[in-house]
Amino acid sequence: MNILLLGSGGREHALAWKIADSVLLTKLWCAPGNAGIARVAECVSLDVADHAAVIAFCKANKIDLVVVGPEAPLAAGIVDDLAAAGIKAFGPSQAAARLESSKGFTKDLCRDNNIPTAAYERFSDAAAAKAYIAANGAPIVIKADGLAAGKGVVVAMTVEDANAAVDMIFEGGFGAAGAQVVIEEFMRGEEASFFALCDGEHALALATAQDHKRAFDGDKGPNTGGMGAYSPAPVMTDEMCRRTMDEIIFPTLRAMRARGAPFKGVLFAGLMITDDGPKLIEYNVRFGDPECQVLMLRMMGDIVPALFAACDGQLNHFSLRWFPDPALTVVMAAKGYPGDYAKGTPIEGLDEAAKVEDVEIFQAGTKEEGGRILANGGRVLNVCASGKTVAEAQARAYEAVDRIIWPDGFCRRDIGFQAVERESGV
Ligand code: AMP
Ligand code: GLY
């Protein structure tokens, strides 16, 4: 099989590493890729937004499967355009990707199908939004409707903050994503990420994870794309996973089929585990980053047949096995991230770090120049480890982090702290 992977982050390095391990693989390409991906795939400088160029590459190189990592090409309809050209692609159609690209669409789908989620209303003018806030009080959650790179959400603890968020979004604070605002009930509980592989009709639960969205230790500082994660999520007991499939994932798949937009690919449910059980916070239509990195470490079987089964509607004949040991990843980011940061700073010690037992390092924003690895983005490295316990995985990951010489980078020192506290019975 010839496979083309689209993307350039740590998620794609982890996917490339796992795909490269497949007995079915003939050759793996990645566009555009990064310095780490270049070790397991041939990187090509294709413009992923230029669908005609991607199609031409696939035809010239007899690509059997395109695997789409990030959400932007999915929302732009790359899977539809590839399918129209007769090329198989893993990921949802543009219509099915609306589960991520429009929060309002997803909220309406939940309401129409009794899928548990926060109560909400949609608004396109500030006065009506503020009247709703006045009637419901705080805490309350304000969201821009469209794609905002995970940053379009304000959890307002006071009515004043909620009103200010409404003004900020309608004044363009989140760009075009904020033409509509969704206001929802504040849910209390513990968050978890749940991943299901879907083929339009059937779904296979993958694994669970928890991530750390805030930039600094103790879950402080601004929201980021994710500073670390671990799998499994202790709060996701077998019973909670079963309820999530029955109450959230399967009803969503049935509803998408009924709308003529069957969902294929990875459905990533951001959940709040409340006293009443799992409730949907939001959907993403792809693997999480950095959650994917820990999922790939824990996946025992070959990923490639699973990707084909999802494309071909054959998941009902499929199962995947997982290593029971937990895995954890620490994200190393350029100083200043998620704000302004410098590019081009040198990173050393990666080979020494990778020698720590059960450690795997996935690269995100990196490039190679003259044999040196340079930082080339905000989130730059994912230092991943597995262990018998989360505490052991955490110790291994930080041992590797401490071997990396990158004065211009930083990471959180407390990834996994809740799970470690749980393990030690605190
Ligand atoms: P989202 O981008 O929708 O995942 O939201 C980002 C973060 O905001 C989530 O991970 C939650 O921590 C928080 N959040 C979003 N919606 C709610 C809600 N209805 N209740 C409580 N917290 C929320
Ligand atoms: N880590 C969260 C995301 O990928 O959206």
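Residues numbered from 1 in each chain as written. Chains lettered and ligands numbered in written order. Predicted model: local features only at pLDDT ≥ 70, side-chain atom pairs only at ≥ 80, totals over all residues. Heavy atoms only, no water.

Student: Just to check I follow, could you spell out the pattern of salt bridges for this structure?
Tutor: Here the structure, examined in full by the defined rule, presents 30 salt bridges. The partner of Asp108 in a salt bridge is Arg122, and the shortest N-O contact between them spans 2.5 Å. Placement of the pair is Asp108 in helix 6 (residues 103-112) and Arg122 in strand 6 (residues 120-123), with a sequence separation of 14 residues. Among the salt bridges present, the one from Glu369 reaches Lys367, with a minimum N-O distance of 3.4 Å. One salt-bridge network, held together by shared partners, links Glu357, Asp358, Glu392 and Arg396. (Salt bridge = Lys/Arg side-chain N within 4 Å of Asp/Glu carboxyl O. Helix = DSSP H or I, 4+ residues; strand = E, 2+ residues; numbered from the N terminus.)

Student: Explanation requested: the site of ligand 2 in the structure shown.
Tutor: Neighbouring ligand 2 are the residues Asp211, Gly225, Phe268, Asn284, Arg286, Gly288, Asp289, Pro290 and Glu291. Here Asp211 contributes a side-chain N or O atom positioned 3.3 Å from a nitrogen atom of ligand 2. Surface burial for ligand 2 is 85%, taken as the share of its 200 Å² of free accessible area covered by protein chains. A breakdown of the residues in the shell around ligand 2 according to their chemical character gives two nonpolar, three polar and four charged. (Near = heavy atom within 4 Å. Polar contact = N/O pair within 3.5 Å; in protein donor to acceptor, adjacent residues only side chain to side chain. Areas by Shrake-Rupley, 256 points an atom, 1.4 Å probe, with all protein chains shown as cover. Nonpolar A, V, L, I, M, F, W, Y, C, P; charged D, E, K, R; others polar.)

Student: Teacher, can you tell me more about the site of ligand 1 here?
Tutor: Contacts to ligand 1 come from 15 residues, most closely from Glu184, Glu185, Met187, Glu191 and Glu282. Between ligand 1 and the protein, one listed contact pairs an oxygen atom with a side-chain N or O atom of Glu282 at 2.9 Å. Contact with the protein chains hides 91% of the accessible area of ligand 1, taken as 480 Å² for the molecule alone. Broken down by secondary-structure element, the contributors of at least two residues to the shell around ligand 1 are strand 7 (140-144), strand 8 (153-156), strand 9 (181-185) and strand 16 (277-284). Considered class by class, the residues forming the shell around ligand 1 number eight nonpolar, no polar and seven charged.

Student: Looking at this model, I keep getting lost on the sheet that holds strand 7. Mind explaining?
Tutor: Working definition: the strands of a sheet are paired by backbone hydrogen bonds and lie parallel or antiparallel to each other. Taken in spatial order, the four strands make up an open sheet running 6-9-7-8, and their pairing is antiparallel. One side of each edge strand has no neighbouring strand; the edge strands of this open sheet are strand 6 and strand 8. Going from strand to strand, the sheet's axes swing by 20° on average, the running direction of each strand aside. Where strand 7 lies against strand 8, four bridges are found, and the strand directions are antiparallel. Note on strand 8: the bridge partner recorded for Lys143 is Val153. Of the strands in this sheet, strand 6, strand 7, strand 8 and strand 9 touch helix 6, which is tilted by about 140° from strand 6. Sheet strands in contact with helix 7 (residues 126-136) are strand 6, strand 7 and strand 9, and its direction is about 160° off that of strand 6. (Pairing = 2+ DSSP bridges. Axes fitted to C-alpha atoms, helices over the stretch in contact; angles between N-to-C directions. Contact = heavy atoms within 4.5 Å.)

Student: I'm lost on helix 2 (residues 51-60) in this one. Help?
Tutor: Because the α-helix completes a turn every 3.6 residues, residues three or four places apart line up on one side. All of the buried residues along helix 2 are His51, Val54, Ile55, Phe57 and Cys58. Axial view of helix 2: buried residues confined to an arc of 160°, hence all on one face. Those residues of helix 2 that are exposed and aimed more than 90 degrees away from the buried face are Ala52, Lys59 and Ala60. As for helix 2, its buried residues are in contact with strand 1 (2-7), strand 2 (27-32), strand 4 (65-68) and helix 4 (78-84). One or two steps after helix 2, the chain reaches Lys62, where phi turns positive at roughly 50°. (Buried < 20%, exposed > 50% of the residue type's maximum accessible area, 1.4 Å probe, protein only. Arc of directions from axis to C-beta.)

Student: I'm lost on the environment of Ser319 in this one. Help?
Tutor: Counting through the fold element by element, Ser319 comes out in the loop between helix 11 (303-312) and strand 17 (327-334). By relative accessible area, Ser319 is classed as exposed at 58%. Once the C-alpha coordinates of Ser319 and Ala205 are considered, the two residues, 114 residues apart in sequence, prove to be 9.2 Å apart.

Student: Where do I start with the environment of Phe90 in this structure?
Tutor: Looking at the secondary structure, you find Phe90 in strand 5 (residues 89-90). Judged by its relative accessible area of 4%, Phe90 falls in the buried class. With 237 residues separating them along the chain, Phe90 and Ala327 place their C-alpha atoms 25 Å apart. Other than its neighbours up to four places away in sequence, Phe90 contacts Leu65, Val66, Val67, Val68, Leu197, Gly265, Val266, Leu307, Ala310 and Cys311.

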